[in-house]
Amino acid sequence: MTFEFYPWETDINVEATRQLYLSNDYAEDKRINEKICDGMSEKQKAFFRSLGVDIMKIRAEETVHPVPEEGTGGTVVRRIDFLFCGRFLRIPEYQGRIYRDEEAFGERFPGTLEIVPMTEGERIPVFDIDGLPCVFKHPCFLFDEPKFQAWDCGYILGSILNIETCPDV
């Protein structure tokens, strides 16, 4: 099934993704996953469900950075990484440059993949999931297993970096 997450376009196998999460659990601390899930809007939860991703089994990290001068308050940084089964149909230009690099995929990079041009100085694009900024990328940069090293490995990685200022840290 084709999903457009401009500037990315993907072909996702939702049922295969559901099966992936039935047999794999990437969560390192379920309390963090529960906290993240509890804080998500219904639209955000629906996004994950539409892809077949189990929020309770995704990789999630939380880091708290207190403000030492003030004594209270600080920043909470949450990183969420989730896999889904599929392939890219379109990627932004900056990723095309990275993935064509000889050390990444070199000659194995498909010439049929559509590349979205970006204007000079344009910042790295994100797809907005009801307030969560998401970047889609090849999983080889996070997972070392051999199955993730080929360009056509059959997986895509979604990464969200959410930063919140909190008065009670």
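Criteria and thresholds
- Residues numbered from 1 in each chain as written.
- Predicted model: local features only at pLDDT ≥ 70, side-chain atom pairs only at ≥ 80, totals over all residues.
- Heavy atoms only, no water.
- Helix = DSSP H or I, 4+ residues; strand = E, 2+ residues; numbered from the N terminus.
- Polar contact = N/O pair within 3.5 Å; in protein donor to acceptor, adjacent residues only side chain to side chain.
- Contact = heavy atoms within 4.5 Å.
- Phe/Tyr/Trp six-rings, centres within 6.5 Å; stacked < 30°, edge-to-face > 60°.
- Buried < 20%, exposed > 50% of the residue type's maximum accessible area, 1.4 Å probe, protein only.
- pLDDT = per-residue confidence, 0-100.
- Salt bridge = Lys/Arg side-chain N within 4 Å of Asp/Glu carboxyl O.
- Pairing = 2+ DSSP bridges.
- 1 Å grid on protein atoms, 1.4 Å probe; cavity = no way out; pocket = protein on both sides within 12 Å on 5 of 7 lines; lining within 4 Å.
- Points joined across faces, edges and corners; volume = space filled by probe spheres on them.

(A) Examining the side chain of R78 more closely. Inspection of the secondary structure assignment puts R78 in strand β4 (residues 74-92). A distance of 2.8 Å separates polar atoms of two side chains, one belonging to R78 and the other to E62. Setting aside residues no more than four positions away along its own chain, R78 makes contact with K35, I36, E61, E62, I160, L161, N162 and E164.

(B) Representation of the packing of aromatic side chains in the model. A full pass over the atoms with the stated rule returns 22 aromatic pairs. With a centroid separation of 6.2 Å and an interplanar angle of 35°, the aromatic rings of F47 and F127 are classed as tilted. Of the two residues, F47 sits in helix α3 (residues 42-51) while F127 sits in strand β6 (residues 127-129), which places them 80 residues apart along the sequence. Its relative accessible area of 9% is what places F47 among the buried residues.

(C) View of the confidence of the model for the chain. Per-residue confidence for the chain gives a mean pLDDT of 89; residues scoring 70 or more make up 93%. The spread of mean pLDDT over the elements of the chain runs between strand β3 (residues 59-66), the lowest at 85, and helix α1 (residues 14-23), the highest at 98.

(D) Molecular detail of the pattern of salt bridges. Taken as a whole and judged by the stated rule, the model has 12 salt bridges. Among the ionic pairs, R90 bridges to E9, the shortest N-O distance being 3.2 Å. In this pair, R90 sits in strand β4 while E9 sits in strand β2 (residues 8-12), placing the two residues 81 residues apart along the sequence. Take E9: its relative accessible area is 17%, and that puts it in the buried class. Residues R31 and D29 are paired through a salt bridge, measuring 3.1 Å at the closest nitrogen-oxygen approach. Under the relative-accessibility criterion, R31 is labelled exposed at 62%. By relative accessible area, D29 is classed as partly exposed at 22%. One network of salt bridges, in which partners are shared, links E4, E9 and R90.

(E) How the structure looks around helix α4 (residues 93-100). Looking at α4, one finds that the buried residues are Y94, Q95, G96 and Y99. Its buried side turned inward, α4 meets β2, β4, β5 (114-116) and β7 (132-137).

(F) Just the pairing of strand β1 (residues 2-5), in detail. Residues F3 and F5 of β1 are buried on one face, while the alternating residues T2 and E4, pointing to the opposite face, are not. Of the strand pairs in this sheet, β1 and β2 are connected by four bridges, and their pairing is antiparallel. Paired with F3 across the strands is T10, a residue of β2. Linking two consecutive strands that pair antiparallel, namely β1 and β2, is a turn of two residues.

(G) Representation of the layout of surface pockets in the model. By volume, the largest pocket amounts to about 150 Å³. Among the elements of the structure, β4 and β8 (155-166) are those that each provide at least two residues to the lining of the largest pocket. Element by element, the count of residues in the lining of the largest pocket is highest for β4, at four residues.

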